[in-house]
Amino acid sequence: MAQLALRNLVKRYGSTEVLHGINLEVADGEFVVFVGPSGCGKSTTLRMIAGLEEVSDGVIEIGGREVNHLEPKERDIAMVFQNYAIYPHMSVRKNIAFGLRSSKMSKPDKARRIEEVAGILSMTELLERKPSQLSGGQRQRVAIGRAMVRDPSVFLFDEPLSNLDAQLRTQMRLEIKKLHQRVGNTIVFVTHDQVEAMTMADRIVIMKDGRIQQVGTPDEVYHRPQNTFVARFIGAPSMNMLDAEMSDGRVIMPQGQAIQLGGLTTAQPGRITLGVRPDDLVPVESDMLIQGKVTVREPLGSETLIYVDTPGGEIVVKADGRKPPAVGEVVRLGADPANLHVFDRETGMVLR
Amino acid sequence: MTAAPDLPDQARPTSDALFRASPSRRPRNMGQTIRWLLLFAGGIAMVMPIAYMISTSLKWPHEVYNVNLIPEEPMIENYTYVLEDGRFYLWFWNSLFIATITTVANLFFDSLVGYTLCKFRFPGRKLVFIAILSTLMIPTEMLVIPWYLMSQSFGWLDSYWGIMFPGLMTAFGTFLMKQFFESVPDDFIEAARIDGLNELQIWWTVAMPLVKPALAALAIFVFLGNWTAFLWPLIVTNSTDMYTLPVGLSSFGDEADVAWELIMTGAAISTIPTLIVFLIFQRFIIRGVVMAGLKG
Ligand SMILES: Nc1ncnc2c1ncn2[C@@H]1O[C@H](COP(=O)(O)OP(=O)(O)OP(=O)(O)O)[C@@H](O)[C@H]1O
Ligand SMILES: [Mg+2]
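Residues numbered from 1 in each chain as written. Chains lettered and ligands numbered in written order. Predicted model: local features only at pLDDT ≥ 70, side-chain atom pairs only at ≥ 80, totals over all residues. Heavy atoms only, no water.

- If you look chain B up in an unreviewed UniProt entry, it shows as Carbohydrate ABC transporter membrane protein 2 (CUT1 family) from Primorskyibacter sedentarius.
- According to its UniProt record, chain B has this under Sequence similarities (unreviewed entry): "Belongs to the binding-protein-dependent transport system permease family." (UniProt positions renumbered as here; feature names shortened; annotations may be inferred.)

- Labelled according to an unreviewed UniProt entry, chain A appears under the name Carbohydrate ABC transporter ATP-binding protein (CUT1 family), originating from Primorskyibacter sedentarius.
- Under the heading Sequence similarities (unreviewed entry), UniProt records this for chain A: "Belongs to the ABC transporter superfamily."

1. A closer look at the UniProt feature "transmembrane region" (unreviewed entry) in chain B
Point 1. Per the UniProt record, "transmembrane region" (unreviewed entry) is annotated on residues 34-54, 91-115, 127-148, 160-177, 214-235 and 258-281 of chain B.
Point 2. Along residues 34-54 of chain B the backbone is 100% helical and 0% strand, and the end-to-end C-alpha distance reaches 30 Å. (Helix = DSSP H or I, 4+ residues; strand = E, 2+ residues; numbered from the N terminus.)

2. A few points about the packing of helix α4 (residues 86-119) of chain B against helix α8 (residues 171-182) of chain B
Residue and element names in this part refer to chain B.
Point 1. In the contact formed by α4 and α8, the axes pass within 7 Å of each other and the chain directions differ by 50°. Judged by the angle between their axes, α4 and α8 are oblique. Remark: the crossing between α4 and α8 carries right-handed chirality. Together, Asp 110, Ser 111, Val 113, Gly 114, Tyr 115, Leu 117, Cys 118 and Lys 119 of α4 and Gly 173, Thr 174, Met 177, Lys 178, Phe 181 and Glu 182 of α8 make up the contact between the two elements. (Axes fitted to C-alpha atoms, helices over the stretch in contact; angles between N-to-C directions. Parallel < 35°, antiparallel > 145°, perpendicular 65-115°, else oblique. Left-handed = near helix turned anticlockwise from the far one by under 90°. Contact = heavy atoms within 4.5 Å.)

3. Some details on the domain arrangement of chain A
All names here are of chain A.
Point 1. By domain assignment, chain A separates into domain 1 (4-232) and domain 2 (240-344).
Point 2. The distance between the C-alpha centroids of domain 1 and domain 2 comes to 39 Å.
Point 3. Listed by partner, the interface residues are 9 residues for domain 1 and 5 residues for domain 2.
Point 4. When residues of domain 1 are sorted by the area they lose upon contact with domain 2, Tyr 222, Thr 228 and Ala 231 head the list and together hold 63% of the total. (Domains from an automatic or database assignment. Buried area = accessible area lost by both parts, 1.4 Å probe.)

4. Describing the site of ligand 1
Residue and element names in this part refer to chain A.
Point 1. Every residue lining ligand 1 is accounted for by Tyr 13, Val 18, Ser 38, Gly 39, Cys 40, Gly 41, Lys 42, Ser 43, Thr 44 and Glu 159.
Point 2. At 3.3 Å from a nitrogen atom of ligand 1 is found a side-chain nitrogen or oxygen belonging to Tyr 13.
Point 3. Interatomic distance of 3.3 Å between a side-chain N/O atom of Glu 159 and an oxygen atom of ligand 1.
Point 4. Taking 630 Å² as the accessible area of ligand 1 by itself, protein coverage stands at 57%.
Point 5. Per element, the largest residue contribution to the shell around ligand 1 is 3 residues, and it comes from helix α1 (residues 42-50).
Point 6. For the shell around ligand 1, the per-class residue count stands at 3 nonpolar, 5 polar and 2 charged. (Near = heavy atom within 4 Å. Polar contact = N/O pair within 3.5 Å; in protein donor to acceptor, adjacent residues only side chain to side chain. Areas by Shrake-Rupley, 256 points an atom, 1.4 Å probe, with all protein chains shown as cover. Nonpolar A, V, L, I, M, F, W, Y, C, P; charged D, E, K, R; others polar.)

5. With respect to the packing of aromatic side chains
Residue and element names in this part refer to chain B.
Point 1. Under the defined criterion, the tally for this structure stands at 25 aromatic pairs over all chains.
Point 2. Residues Phe 172 and Phe 221 carry aromatic rings whose centres are separated by 5.8 Å and whose planes lie at 70° to one another, so their mutual orientation is edge-to-face. Of this pair, Phe 172 sits in helix α8 while Phe 221 sits in helix α11 (residues 212-227), and the two are 49 residues apart along the sequence.
Point 3. We classify Phe 172 as partly exposed; its relative accessible area is 37%. (Phe/Tyr/Trp six-rings, centres within 6.5 Å; stacked < 30°, edge-to-face > 60°. Buried < 20%, exposed > 50% of the residue type's maximum accessible area, 1.4 Å probe, protein only.)

6. Overview of the confidence of the model for chain A
Low pLDDT marks stretches whose predicted atomic positions should not be read closely.
Point 1. Averaged over every residue, the pLDDT of chain A is 90; residues scoring 70 or more account for 99%.
Point 2. Across chain A, element-level confidence peaks in strand β3 (residues 31-35) of chain A with a mean pLDDT of 97 and bottoms out in strand β13 (residues 258-260) of chain A with 84. (pLDDT = per-residue confidence, 0-100.)

7. Some remarks on the pattern of salt bridges
Point 1. The final tally for this structure, using the stated rule, is 26 salt bridges over all chains.
Point 2. A salt bridge links Glu 116 of chain A to Arg 113 of chain A; its shortest N-O distance comes to 3.4 Å. With Glu 116 of chain A and Arg 113 of chain A both in helix α3 (residues 107-120) and 3 residues apart, the pair spans about one turn of that helix.
Point 3. Arg 113 of chain A sits in the buried class, given a relative accessible area of 15%.
Point 4. Note that Glu 199 of chain B is salt-bridged to Arg 193 of chain B, the shortest N-O span being 3.0 Å.
Point 5. By relative accessible area, which is 30% here, Glu 199 of chain B ends up partly exposed.
Point 6. Through salt bridges with shared partners, a single ionic network connects Lys 11, Arg 47 and Glu 53 of chain A together with Glu 190 of chain B. (Salt bridge = Lys/Arg side-chain N within 4 Å of Asp/Glu carboxyl O.)

8. Quick word on the interface of chain A and chain B
Point 1. Listed by partner, the interface residues are 27 residues for chain A and 22 residues for chain B.
Point 2. Per-residue buried area on chain A facing chain B is highest for Asn 83, Pro 88 and His 89 of chain A; these three make up 24% of the total on that side.
Point 3. Applying the counting rule to chain A against chain B returns 3 salt bridges.
Point 4. Of the charged contacts in the structure, one is a salt bridge between Asp 195 of chain B and Arg 150 of chain A, with a shortest N-O distance of 3.2 Å.
Point 5. Summed over the shared surface of chain A and chain B, the number is 7 residue pairs in polar contact (both at pLDDT 80 or more).
Point 6. Counting residues per element, the side of chain A that touches chain B draws most heavily on strand β6 (residues 77-80) of chain A, at 3 residues.

9. Some words on the UniProt feature "domain: ABC transporter" (unreviewed entry) in chain A
Point 1. Within this structure's numbering, the places UniProt gives as "domain: ABC transporter" (unreviewed entry) are residues 4-234 of chain A.
Point 2. Helix makes up 35% of residues 4-234 of chain A and strand makes up 27%, while its end C-alpha atoms are separated by 25 Å.

10. Some thoughts on the sheet that holds strand β5 (residues 65-66) of chain A
Residues and elements named next belong to chain A.
Point 1. Spatially, β2-β1-β4-β5 is the arrangement adopted by the 4 strands of the open sheet, whose pairing is antiparallel. In the strand order of this sheet, the two ends are held by β2 (16-27) and β5, each with one partner.
Point 2. Along the sheet face, α1 touches β1 (2-13), β2 and β4 (57-62) and points at about 115° away from the line of β1. (Pairing = 2+ DSSP bridges.)

Have a look at this one:
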């Protein structure tokens, strides 16, 4: 049974619709990450699940019961905010205890539970401090502790790491993932950082303009993007998109090369977009896909990004860092046909 | 001061070097001099009335109209006279009671209304806010007559309630609190909502502690305003027993002559509670309380 289900969820602010029917089922114990560009409706979705925003249309179910009209506290959820929102006038212990206010636990049980949570988050010695005496990472941990202490059936995180510096963010990312493996609650996590999404999620939900673009494991969304938006959004640097034509079931490249591809869902002749990741392009002698002149090199250590000017536009290639082609050199690039993505140029939908 | 570290003799700065190293001892430029002078003048302007108040309270009646600051024959009898007059204590109590109740009422109502106007979205919110603000444009002098007529009809003349009711909630306080609640991030309120608090609890346990500096400032304003209020208490009270301290003090003396030395004595004594209130509440006026729980 799904722990959390969204059925045809719609949100309107006045006459503007910002969510256009979200459908999603989240299994018990699953770690789901919502990702998408700014303004796509991630926070709105999360806040509707939390009960902080009214549902305009559709149904939200948590643990099998409809919660549309329940107060946040009755939904058995907990939320961690981007700004932490821990109360500055209360000690860490009090802040965490706040999460237990509506619980029916006895006093000693509550105290034990707070100690336990503090132990898990390794901040037992911080319990008597005030938030102003904590670092950013520690504050975020207090916020997580306040959410954890109630053992909710669904944890909601709204960009909890975006205020931390890069190093701390990587560390907290790992900590949250470990925490999830340890406590096993269902987690819905919102971010606009695709690396965060890829590294933490069991399943990623990619959103754009109030619509879900694709739902899948990190592997699926990376290797089998359903449309050009997902293809470009996931993976860094972004997938190269080349305009091409399709005729007789073959893809004709801008420079005239024809490639035979299997598994196409349509053989209709027409304009297509051919997607290929920078990692999948390799210098070749024969079976060339495209060629062009190297304009810029960006050494990253183990590999070097090279920018190649081609008739189909500029493309990025991840080259071996030890012997990258020189600027000005003409390179012939090819790719394993299995790693090519074919999209309809009009609709952006995948064709195989 | 920490002890000077043991330096080799050559490294020890000579007094000459020290003097040259501190140019800030001399005023740096004209601008600074002018600033100091202005501050000095401001300081004098504020201290002089207080100095004269104390000076006059130590003078004999015949000397009151001399402008000398040091009384020729200082005497303390004015104080014993005022403190032995039983009415003084009654007025003092009246003022204290009224100012305290009014302050508490303002802290409660202004912040409750300010919070509601700031954090809730409901139809007519802007209109209510503008209506409250627009009352700021009407001076007290214009309101005392309607207040008086109203008090007369309700039978509130010459009563504590009559003195207090116009000030139990103020537009200024409401505005002040609303502005301060703007600085309380919605995340706090939503977090509390998820933690299971009802709206009144959120206001009281989460929002109010975060605006303590504003509450302290408001408490000082309201207390001082009511402690020194004169016009309305004068109009609404009839019996000497209901006078507040300023009204009572002004009644010292007789029709022919105002007893300034006694009025100043009473005024000097009556500044004590305002000092106490100020000392209590100014501790809370510390900035930056709100931000501490957010991203650092
Ligand atoms: N109170 C509101 N009134 C009107 N429109 C709103 C309101 N709140 C949000 N929106 C709109 O809803 C859309 C989705 O907003 P939302 O906050 O969910 O975006 P998001 O995906 O969380 O973006 P970000 O990554 O910037 O946080 C935006 O276009 C926003 O302008
Ligand atoms: Mg957001």
